[in-house]
Amino acid sequence: MSPSVPLQEMIRAIRSARTQCEERGVIQRECAAIRAQFRQADNGGRSHNLAKLLYVHMLGYPAHFGQMECVRMIASSRYSEKRVGYLGAMMLLDEKQDASLLITNSIKNDLSHSNQYVQSLALCTLACMGSAEMCRDLAPEIDRLLRASNSYIKKKAALCAVHIVRKVHELGELFAPAARSLLSEKNHGVLHGAVVLITELCERSSESLERFRKTVPDLVQIMKGLVISGYSPEHDVAGISDPFLQVRLLRLLRILGRNNETASDAMNDLLAQVATNTDSTKTVGNAVLYETVLTVLDIKSESGLRVLAVNILGRFLLNNDRNIRYIAMTSLQKIVGTDHNAVQRHRGTIVDCLKDQDASVKRRALDLSLALVSASNIRSMMKELLLFLSSCPPELRSQAANGIFTAAERYAPSKRWHIDTILHVLITAGGDVRDETVPNLIQLITNTSELHCYTVHKLYRALLSDISQQSLVQVACWCIGEYGDLLLRGDCQEVEPMQVCEDDVLDALETVLQSHMSSTATRGFALTATMKLSTRITDNVDRIRSIVSIYGSCIDLELQQRAVEYNALFKKYDHMRYAKKDSTHFCCCGVILFCSVNSFAFNVILEPECEQLTMHVLTLYGLTL
Amino acid sequence: MIRAILIFNNHGKPRLSKFYEHYTEDTEQQIIRETFHLVSKRDENVCNFLEGGMLIGGSDYKLIYRHYATLYFVFCVDSSESELGILDLIQVFVETLDKCFENVCELDLIFHVDKVHNILAEMVMGGMVLETNMNEIIMQVDAQNKMEKSETFIFQSTRQDR
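Every value quoted in this text rests on a predicted model; they were computed, and no experiment measured them.

1. Section: the overall build of chain A
When its secondary structure is counted, chain A shows 33 helices and 2 strands. Among the 625 residues that make up chain A, the fraction classed as buried is 58%. Counting every atom, chain A has about 26,900 Å² of accessible surface; 50% of that belongs to carbon and sulfur.

As structure tokens, then:
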């Protein structure tokens, strides 16, 4: 059997392995040696072997054969062996294994050991992996230790009690009196543990919550002592006395003051004092201030204090430290519903954070900005949001685009602005919008008859520059098909004049039809639009006919079906094309075709002259009106 | 509550892994890999908070990390812990290690991982913060080490006597 290698040497051997395979070999040899040693009787290197096994376990190799050794080591009388044994128990054992029950007795004995460090080992292990049965068994011991031992053990017993309460809720009752009395301790470690225990008890049961509300004056007193006290070197961190304890106390006060007027009143002064006196130039100060702000906003505090709290958050937003900006925005998000006006005051800073380099900060800023949009600031906010959309990271695009649409729908100051905004979004991020955007936009355009001319011009221009954004192209095609005559007439007041001839328009539509970037749905739109134009233009009907007939042999079934039906319409009803120089005439056929193929619910206006035609088309589809 | 404390280097090799909830060995290694993957992608000038990975609790848990030279110190916590407080705690932990090992570097953590566990045990117990005062922690750790040394000494001298 190979001589037992101390821990450091084994680590060195593992590190010198150049490949994964070599490392596995070294570890397997070591594990075999360790296993053999475990089977032997007592020898001096026991703790070394278990320590080696734990190292191997951290690297990810199986170590379950060490479980019984842990149990044996814990029962040993030597401190070094107990120490490694307990560490092993925490790493290798859990309540599902039978071996864990075996250590219950050892823990029980060690809890009453004369040496406090042995006691602390037992407490630590129980708090880490104690099962419900072990907790029930040992709870009275813990309670005893909470009352009568030194501060070192008391603070550990307090946290152990928290674990017990988490595992077995009913035992909370057992610890409540001891927890109460611990509040009068001077040692900060014990106070800390006591506050954590009380917090746990209050979160578990409302009776405990009621009972501990009476301690609010005591807690306020302790807190005051920390805030006003002079410099105390042992607890001082950058000029603040025990910030960790302060944060814990504030959290407990928050739980006790929630929804309770009396408790909230009792802490108002204190919170105001902490908020104004804490030095915010260091991180620790900010941690305390942040906790204070959260508490103020969660309890029933007076409005002056709330405004103070929101202002502190606003100051945080301007802080150089990104962490602080991030958590400030998280908190503002939580209160934007309740304290909307207060948060509005900081809108400028929040909008500036949209330009931050950190993606997490950007995400938060976007959430907040969308929540802060209102009727009064819609124009300026939208400018910022659209700017953000053009440069935002891809994972936020869809959220931003959809948020902008919702905001625009709710607060649009004018129709033209609304359409402009939607167009802008489609041009910038058309690929990331939801599917129902296209029919929604079409509906909006249809209903805004005064802007048909303007819309079709804008869309035509957009189509000329870029045909990759499917939603935009679909809407543009539909518009051109529907209002192509307005486009060709060329006299729109709101846009720069542009001479558009029929060939240009057909060129544009053909480009869409032939482009590999266009999806099938887009091609469908383009084909229907081409067809509809046959009533609006005079010179190039033959060109349209040839385009449509090409698609009569298209591979795609949908396009082929459409093309064939359009061809049929061309042949049979050519004489009706110009029976009325009114576009609604042929339009209604196109709309019906469009409707039935795309299952949209449009209103169809029927005129008596085209009734015959319409009925024919309907029977073609087996539909009734 | 703190669910896990992980220390790994810039290549993802674990230097310390302490879990306060039970996972199988495979899952533990997966968590370490996933956490490394999430944390190493981060730029130097972004904030130190991350949503937790899928394996370690998803969006209910946060990863709070600090990067010191070649090591990442990652605490995985739930919403009951103050984020800024945990950042400060990491700072205290590192300063304590520095005091105990005298200008601590990665090699110290590699070769004395059991000592690091002992120091951590004085700071965090059962997933809860136990002690944050650096001097108090060092005092306790020193006392325990002394006890261990005196035992070994006695044992060795009795062995020689035989």
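2. A closer look at the state of the cysteines
For the structure shown, the criterion picks out 0 disulfides over all chains. Among the cysteines around Cys202(A), which has no disulfide bond, Cys160(A) carries the closest sulfur, lying 20 Å off. Not engaged in a disulfide, the cysteine Cys105(B) finds its nearest cysteine sulfur in Cys100(B); these two sulfurs lie 14 Å apart. In this structure Cys105(B) comes out as partly exposed when scored by relative accessible area, which is 37%.

3. Side note on helix α14 (residues 243-257) of chain A
All names here are of chain A. Look at α14: 21 Å from first C-alpha to last across 15 residues, which is about the 21 Å you get at 1.5 Å a residue. Counting buried positions along α14 yields 15 of 15 residues, so the element is predominantly enclosed. Just downstream of α14, Asn 259 is the residue with a positive phi angle, here 60°.

4. A word on a negative patch on the surface
A cluster of acidic side chains, namely Glu261(A), Asp265(A), Asp269(A) and Glu302(A), defines a negative patch on the protein surface. Relative to the assigned elements, Asp265(A) resides in helix α15 (residues 261-277).

5. As for the interface of chain A and chain B
Contacts between the two partners involve 66 residues from chain A, matched on the other side by 57 residues from chain B. The largest contributions to the chain A side of the interface with chain B come from Met58(A), Arg83(A) and Phe244(A), which together make up 13% of the buried area. Note that Glu23(A) is salt-bridged to Lys13(B), the shortest N-O span being 3.6 Å. Counting across the interface, chain A meets chain B through 18 residue pairs in polar contact (both at pLDDT 80 or more). The leading source of residues in the side of chain A that touches chain B is helix α9 (residues 151-167) of chain A, at 8 residues.

6. Let's talk about the nonpolar core
Counting 256 residues, the largest nonpolar core has Tyr55(A), Ile142(A), Phe175(A), Ile2(B) and Phe93(B) as the members making the most contacts within it. Among the elements that line this core, the one with the most residues is helix α27 (residues 470-489) of chain A, at 12 residues. In this structure, Ala4(B), Phe19(B), Val74(B) and Cys76(B) belong to the second largest nonpolar core, which totals 17 residues.

7. Quick look at the packing of helix α13 (residues 216-228) of chain A against α14(A)
Residues and elements named next belong to chain A. Running from N to C, α13 and α14 point in directions that differ by 150°, and their axes come no closer than 10 Å. Taken together, the axes of α13 and α14 are roughly antiparallel relative to one another. Taken as a pair, α13 and α14 cross one another with a handedness that is left-handed. Along its contact with α13, which presents Val 216, Leu 219, Val 220, Ile 222, Met 223, Leu 226 and Val 227, the element α14 presents Leu 245, Gln 246, Leu 249, Leu 250, Leu 252, Leu 253 and Leu 256. Its residues assigned to classes, the contact of α13 with α14 comprises 13 nonpolar, 1 polar and no charged.

8. Details of the pairing of strand β5 (residues 71-77) of chain B
All names here are of chain B. Burial analysis of β5 places 7 of its 7 residues in the buried class, the great majority of the element. Alternating positions in β5 separate into two faces, Leu 71, Phe 73, Phe 75 and Val 77 on one and Tyr 72, Val 74 and Cys 76 on the other, with burial throughout. Relative to β5, strand β1 (residues 2-9) runs antiparallel, the two sharing 7 bridges. Bridging across to β5, Asn 9 finds its partner in Leu 71. Across 7 bridges, strand β4 (residues 62-68) lies against β5 in antiparallel orientation.

About the criteria used
- Residues numbered from 1 in each chain as written.
- Chains lettered and ligands numbered in written order.
- Predicted model: local features only at pLDDT ≥ 70, side-chain atom pairs only at ≥ 80, totals over all residues.
- Heavy atoms only, no water.
- Helix = DSSP H or I, 4+ residues; strand = E, 2+ residues; numbered from the N terminus.
- Buried < 20%, exposed > 50% of the residue type's maximum accessible area, 1.4 Å probe, protein only.
- Areas by Shrake-Rupley, 256 points an atom, 1.4 Å probe, with all protein chains shown as cover.
- Disulfide = S-S within 2.5 Å.
- Expected span 1.5 Å × (residues − 1).
- Patch = residues over 30% accessible without salt bridge, like charges linked within 9 Å, V, L, I, M, F, W, Y side chains within 5 Å.
- Salt bridge = Lys/Arg side-chain N within 4 Å of Asp/Glu carboxyl O.
- Lys, Arg positive; Asp, Glu negative; His and termini not counted.
- Charge placed at Lys NZ, Arg CZ, Asp CG, Glu CD.
- Contact = heavy atoms within 4.5 Å.
- Buried area = accessible area lost by both parts, 1.4 Å probe.
- Polar contact = N/O pair within 3.5 Å; in protein donor to acceptor, adjacent residues only side chain to side chain.
- Core = buried A, V, L, I, M, F, W, Y, C linked by side-chain atoms within 4.5 Å.
- Axes fitted to C-alpha atoms, helices over the stretch in contact; angles between N-to-C directions.
- Parallel < 35°, antiparallel > 145°, perpendicular 65-115°, else oblique.
- Left-handed = near helix turned anticlockwise from the far one by under 90°.
- Nonpolar A, V, L, I, M, F, W, Y, C, P; charged D, E, K, R; others polar.
- Pairing = 2+ DSSP bridges.

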